[in-house]
Amino acid sequence: MQDDLSAIATLAKVSKRLAGKPVLDGLTLKIRAGEVTALLGPNGAGKTTSVGLLTGRLQPDTGTVRLFGLDPTRPAARSRMGVMLQSAGLPDVMTVFELVTLQSGYYPNPRPVAETLAIAGLSDLAKRRCGALSGGQARRVHYRLAICGRPALLVLDEPTAALDRVSRQALWATVRAAADDGTAILLTTHDLAEADALADRVLVMDRGRIVADDSPAALRARAGGSVVRCRTMLPPALLLALPAVREAGPDGTDQRIITGDAVATVRALCSADPNLADLRIADAALEDAIAALLGPDRRIAA
Amino acid sequence: MTAAALPTGIWRREAVAELKRSWRLPQFLLPTVLTPAAFYALFTLAISRTPSPAVAAASLAGYGVFAAIGPALFGFGAGVAMEREQGLIELKRVSPLPADAFVAAKLVAALAATAAAIAIIYLAAILAGVRLSAGQWLLLIALHLASTLPFGLIGLGLGMRMSGKGAVAVANALFLGSAVLGGLWVPSTMLPGWMQAVGQFAPSYHLGQLARAIVGADTIGSPAVHLVVALAMTLAASGWAWTGWRRSPA
């Protein structure tokens, strides 16, 4: 692992307890140059803690954290990283221009401020105070603050949470452009469509460990071909015994069945439950693949 | 991999930004600047009508320390706690800005507020007939400005540990407690015994005694001991601030 030169950020055998509870349990995680990595997992899986460690705000109890070969608590390690945190705010009384100028000054080789503001049209807001921005505008400023220093690694923590559909699509396009320029991106998200749209690689976390590390396509394939949803009185144990079923469990009032052969499964299902209702069949989405990995009680909250 | 060099001027730019920010928040700045001067004018100059220059000078020594505590405790303590709740500290901490440049910028802003506050008090004192030598003025200015440091560090430790509301409440209690128990309003010799005893644990007491020594007023104990204790308390406060910074993820 030490020899993996493409790894620009690593957590190696990291354990971390917060408020007496174990959050990370021997976690090993590598972010490689030029890759878009999505970190997925249910609440409490350890995503936020992992980002806290990588950005130098937390220290591991055991194990090591490296960012460009350095301890991320050192400012020099962070000079090649841009970070957009969901929980970060903006200073109300500073103008957008002042804030972007100040932030650019933290980096050794920043973009010109005018160029940073021009990306996706923030120039018209330059003179506005941050306190007067809408939520969506503030989010755009946060993205500019993350990229103003020409980072080699961009960390995006739930970047599109609470954004409308149009703003979300616009941000995805910007992120894809950054990835095409060779910027490595670490993305935490609850939105599986977002991971599917952006990521080269998906890391699924659960209970402080990585439970899957694969491309979105490979994860989908691993889950099987189709998802069958229906209303049925059959218990999950019986559903699991149907032909080709990989995973079955309740989803609201429905049962969700992930199967490698929808036709065989549905044929058996119909004969086992004459009162079967609301039957729907769809291609497995990334969501289903991850549900299969985590088990029915560990859903990723939407 | 070699460490990327951070740009020069990062400390200066952060300090300028912090000064601008506090200038644009007069609702926070003005009370901390004006309150100590108003107290000095009211309690020392107005109530005793024509205080002797010696009394006015001794009082000036204490009120100057008092003037440093407000910007330090409220700017750092309550300010940092509120900025933490707004996610502003987090924004700084994930950036390459060194933590010491961040703290230094806040300190510069607090020092500027202290400087404004003590300037008004000095002016009032001169008008009331206080006369000190140039050396005494310089020492007094240095001590009053330096008083910002231990209280700023105490405030930073508070701000990193408490919610905004909690930090405001504690900062208020410390602000008034340090002034009374430290003998900044009423000389320690006139306080009840238990207050004097508790006051020993307040940095304001030792800073106040040092200031009294500078203006030639009577002091309790040797100024050298007060200096050592004040420095030790500042060191302890920096430990308290540093552990608070390390412990909190934002």
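Residues numbered from 1 in each chain as written. Chains lettered and ligands numbered in written order. Predicted model: local features only at pLDDT ≥ 70, side-chain atom pairs only at ≥ 80, totals over all residues.

Trainee: Quick question: what am I supposed to make of the overall build of chain B here?
Mentor: When you go through chain B residue by residue, the secondary structure sums to eleven helices and zero strands. In sequence order, the secondary structure elements of chain B are arranged as α-α-α-α-α-α-α-α-α-α-α. Relative to a compact globule of 250 residues, whose C-alpha radius of gyration would be 18 Å, chain B shows 19 Å and is just as compact. With respect to the principal axes defined by its C-alpha atoms, chain B has extents near 65 × 35 × 35 Å. The contacts in chain B between residues at least 6 apart in sequence include a share of 82% that link residues at least 24 apart. (Helix = DSSP H or I, 4+ residues; strand = E, 2+ residues; numbered from the N terminus. Rg over C-alpha atoms; globule rule 2.2 N^0.38 Å. Contact = placed C-beta atoms within 7 Å.)

Trainee: Teacher, can you tell me more about the nonpolar core here?
Mentor: Looking at soluble globular proteins, one finds that nonpolar side chains tend to be buried together. With 150 residues, the main nonpolar core has Leu 40 and Leu 187 of chain A together with Ile 121 of chain B as its most contacted residues. The greatest single-element share of this core, amounting to 18 residues, is contributed by helix 3 (residues 53–85) of chain B. (Core = buried A, V, L, I, M, F, W, Y, C linked by C-beta atoms within 7 Å. Buried ≥ 20, exposed ≤ 12 C-beta atoms within 10 Å, placed from the backbone.)

Trainee: Whenever I open this one, the interface of chain B and chain A confuses me. Can you help?
Mentor: It is common to give the size of an interface as the accessible area lost on bringing the parts into contact. Every contact between the two is made by 25 residues of chain B and, on the other side, 26 residues of chain A. Mapped by element, the contributors of at least two residues to the side of chain B that touches chain A are helix 1 (10–23) and helix 4 (88–93) of chain B. When its residues are assigned to classes, the side of chain B that touches chain A shows 17 nonpolar, three polar and five charged. (Nonpolar A, V, L, I, M, F, W, Y, C, P; charged D, E, K, R; others polar.)

Trainee: Looking at this structure, I do not really get the environment of Glu 90 of chain B. What am I missing?
Mentor: Here Glu 90 of chain B is to be found in helix 4. Along the primary structure Glu 90 of chain B and Ala 104 of chain B are separated by 14 residues, whereas in three dimensions their C-alpha atoms are 17 Å apart.

Trainee: Sorry if this is basic, but what is going on with the UniProt feature "transmembrane region" (unreviewed entry) in chain B here?
Mentor: Feature annotation in UniProt places "transmembrane region" (unreviewed entry) on residues 28–48, 60–82, 103–125, 137–159, 166–186 and 224–245 of chain B, given in this structure's numbering. In the segment residues 60–82 of chain B, helix accounts for 100% and strand for 0%; the C-alpha atoms at its two ends are 32 Å apart. (UniProt positions renumbered as here; feature names shortened; annotations may be inferred.)

Trainee: I'm lost on the packing of helix 10 (residues 203–215) of chain B against helix 11 (residues 223–247) of chain B in this one. Help?
Mentor: The packing of two helices is summarised by the inter-axis angle and the distance between the axes. Residues and elements named next belong to chain B. With their axes 9 Å apart at the nearest point, helix 10 and helix 11 run at an angle of 145° to one another. The hand of the helix 10/helix 11 crossing is left-handed. Packed against helix 10, whose contacting residues are Pro 203, His 206, Leu 207, Gln 209, Leu 210 and Ala 213, the element helix 11 presents Pro 223, His 226, Leu 227, Val 229, Ala 230 and Met 233 at the interface. A breakdown of the residues in the contact of helix 10 with helix 11 according to their chemical character gives nine nonpolar, three polar and no charged. (Axes fitted to C-alpha atoms, helices over the stretch in contact; angles between N-to-C directions. Left-handed = near helix turned anticlockwise from the far one by under 90°.)

Trainee: Mind showing me how you'd approach the environment of Pro 187 of chain B here?
Mentor: Secondary-structure assignment places Pro 187 of chain B in the loop between helix 8 (164–181) and helix 9 (193–199). Take Pro 187 of chain B: there are 20 C-beta atoms within 10 Å of it, and that puts it in the buried class.

Trainee: Any chance you could explain the sheet that holds strand 4 (residues 62–67) of chain A here in plain terms?
Mentor: Two strands in a sheet stick together by hydrogen bonds in their backbones, pointing the same way (parallel) or opposite ways (antiparallel). Residues and elements named next belong to chain A. Here we have three strands laid out as an open sheet, ordered 2-1-4, and antiparallel in their pairing. At either margin of the open sheet sits one strand with a lone partner, and together these are strand 2 (21–32) and strand 4. Mean inter-strand twist for the sheet, computed between neighbouring axes without regard to direction, equals 20°. Bridge analysis of strand 1 (residues 7–18) against strand 4 gives five bridges, and the strand direction is antiparallel. Each bridged residue has a counterpart across the sheet, and for Leu 11 the counterpart in strand 4 is Val 65. Against the sheet, helix 1 (residues 47–54) contacts strand 1, strand 2 and strand 4, and its axis sits at roughly 120° relative to strand 1. (Pairing = 2+ DSSP bridges.)

Trainee: What should I look at first to understand the domain arrangement of chain A in this one?
Mentor: Segmentation of chain A into domains returns domain 1 (7–219) and domain 2 (225–283). A separation of 38 Å is found between the C-alpha centroids of domain 1 of chain A and domain 2 of chain A. (Domains from an automatic or database assignment.)

Trainee: Would you take a moment to explain the environment of Leu 242 of chain A for this structure?
Mentor: Residue and element names in this part refer to chain A. With respect to the element layout, Leu 242 can be found in the loop between helix 9 (236–240) and strand 11 (245–251). Linking Leu 242 and Ile 257, residues 15 residues apart in sequence, is a C-alpha distance of 9.9 Å. Setting aside chain neighbours within four positions, we find Leu 242 in contact with Thr 265, Ala 268 and Leu 269.

Trainee: What should I look at first to understand helix 1 of chain A in this one?
Mentor: Think of an α-helix as turning once every 3.6 residues; residues three or four places apart then point the same way. All names here are of chain A. A large share of helix 1 lies buried, amounting to eight of its eight residues. When we look at burial in helix 1, the residues that qualify are Lys 47, Thr 48, Thr 49, Ser 50, Val 51, Gly 52, Leu 53 and Leu 54. The first or second residue beyond helix 1 is Gly 56, which carries a positive phi of 80°.

Trainee: For this particular structure, what's the right way to read the sheet that holds strand 13 (residues 277–283) of chain A?
Mentor: Residues and elements named next belong to chain A. The strand order across the open sheet formed by four strands is 11-12-10-13, and the pairing between neighbours is antiparallel. The sheet terminates laterally at strand 11 and strand 13, the two strands that pair on one side only. Ignoring strand direction, the axes of neighbouring strands in this sheet form an average angle of 15°. Pairing between strand 10 (residues 226–231) and strand 12 (residues 254–259): five bridges, direction antiparallel. In the strand pairing of strand 12, Arg 229 is matched with Arg 256. Of the strands in this sheet, strand 10, strand 11, strand 12 and strand 13 touch helix 10 (residues 262–272), which is tilted by about 15° from strand 10. Lying over the sheet, helix 11 (residues 286–294) contacts strand 10, strand 11 and strand 12, oriented at roughly 95° with respect to strand 11.

Trainee: It is not clear to me how unusual backbone geometry should be interpreted in this structure. Could you clarify?
Mentor: Leave glycine aside and you will find that most residues have negative phi; peptide bonds, for their part, are mostly trans. Non-glycine residue Phe 68 of chain A carries a positive phi angle of around 50°. Relative to the assigned elements, Phe 68 of chain A resides in the loop between strand 4 and helix 2 (75–78).

Trainee: Could you clarify how one ought to interpret the pairing of strand 5 (residues 81–84) of chain A in this entry?
Mentor: A regular strand places its side chains on the two faces of the sheet in alternate fashion. All names here are of chain A. Side chains Met 81 and Val 83 project from strand 5 onto one buried face, and the interleaved Gly 82 and Met 84 project onto a second face that is buried too. By the bridge criterion, four bridges tie strand 5 to strand 6 (residues 153–157) in an arrangement that is parallel. Note that in strand 6 the partner of Val 83 across the bridge is Val 155.

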